[in-house]
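Examination of the molecular architecture
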Amino acid sequence: MISQKGNNYILIGMPGAGKSTIGVLLAKSLGAEFIDTDLVIQQKTGKLLKDIISEEGNETFKQIEEDVNASVEAENSVIAPGGSAIYSQRAMDHFKQIGTVIYLQLKFDTVAERLGDLADRGVVLDNGQTLCDLYHERIPLYEKYADITVDTDDLKIGEALEKVLENLI
Ligand SMILES: Nc1ncnc2c1ncn2[C@@H]1O[C@H](COP(=O)(O)OP(=O)(O)OP(=O)(O)O)[C@@H](O)[C@H]1O
Ligand SMILES: O=C(O)C1=C[C@@H](O)[C@@H](O)[C@H](O)C1
Ligand SMILES: [Mg+2]
């Protein structure tokens, strides 16, 4: 049986890549809905992402994130999951089934420049792991799941949006 992809777009990439920022603009341009699954997690748990991570730990956060991401029901929507979504094969299989996965690619230096205090932002980082380690751990996962890759380095927000729109399939 040939399985048909859904008509959603799912943005993946490092924290600070602009999934949420560009995602909402992309939804406006396409006349689509916008879903930020980080906000769904906060709504469901009644807690901030950074507090779930610091108080309950990375594994609990990733489990909650997987459950939320794997149960997104959407049509004609742009979906912005958190940067750690790619740790869950189950959630990413779901995303690949309901839509086209777009990887917003950035060089390490740009990511480091964009992110402020990692604890304050709530990044899933193991003890002793640096942002550089995290970047190299995640890049193969973003590449593995991407249907489309858009290099957004050195682009302003509007330019990045235009480039994403040009690359849509
Ligand atoms: N060219 C650009 N594209 C996207 N965001 C940019 C750009 N230049 C600067 N920014 C800034 O970088 C930040 C991107 O943060 P955003 O929350 O959209 O990232 P994210 O990919 O959703 O991260 P997270 O995985 O934490 O949800 C914003 O503060 C945005 O204003
Ligand atoms: O990339 C990450 O590790 C994260 C990104 C955020 O969007 C949140 O999903 C959470 O704070 C973890
Ligand atoms: Mg976001």
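The name an unreviewed UniProt entry gives the chain is Shikimate kinase, with Anaerostipes rhamnosivorans as the organism. UniProt, in its Subcellular location (unreviewed entry) section for the chain, records the words "Cytoplasm".

**Let's talk about the pattern of salt bridges**
Within the structure shown, the criterion is met by eight salt bridges. With a closest N to O distance of 3.5 Å, E59 and K62 form a salt bridge. Of this pair, E59 and K62 are both found in helix α4 (residues 58-70), three residues apart, which corresponds to roughly one turn of the helix. On the basis of relative accessible area, K62 is assigned to the partly exposed category, the value being 21%. Residue R90 pairs with E66 through a salt bridge whose shortest N-O separation is 3.4 Å. Here E66 lies in helix α4 and R90 lies in helix α5 (residues 89-98), a separation of 24 residues in the sequence. The network of salt bridges with common partners includes K5, K96 and D147.

**Brief notes about unusual backbone geometry**
Backbone geometry places N76, a non-glycine residue, at a positive phi of 45°. Position of N76 relative to the elements: it lies in the loop between α4 and β3 (77-80). The backbone of D154 shows a phi angle near 65°, a positive value even though the residue is not glycine. Mapped onto the elements of the fold, D154 is located in the loop between β5 (148-151) and α9 (157-167).

Thresholds, definitions, all that
Residues numbered from 1 in each chain as written. Chains lettered and ligands numbered in written order. Predicted model: local features only at pLDDT ≥ 70, side-chain atom pairs only at ≥ 80, totals over all residues. Heavy atoms only, no water. UniProt positions renumbered as here; feature names shortened; annotations may be inferred. Salt bridge = Lys/Arg side-chain N within 4 Å of Asp/Glu carboxyl O. Helix = DSSP H or I, 4+ residues; strand = E, 2+ residues; numbered from the N terminus. Buried < 20%, exposed > 50% of the residue type's maximum accessible area, 1.4 Å probe, protein only.

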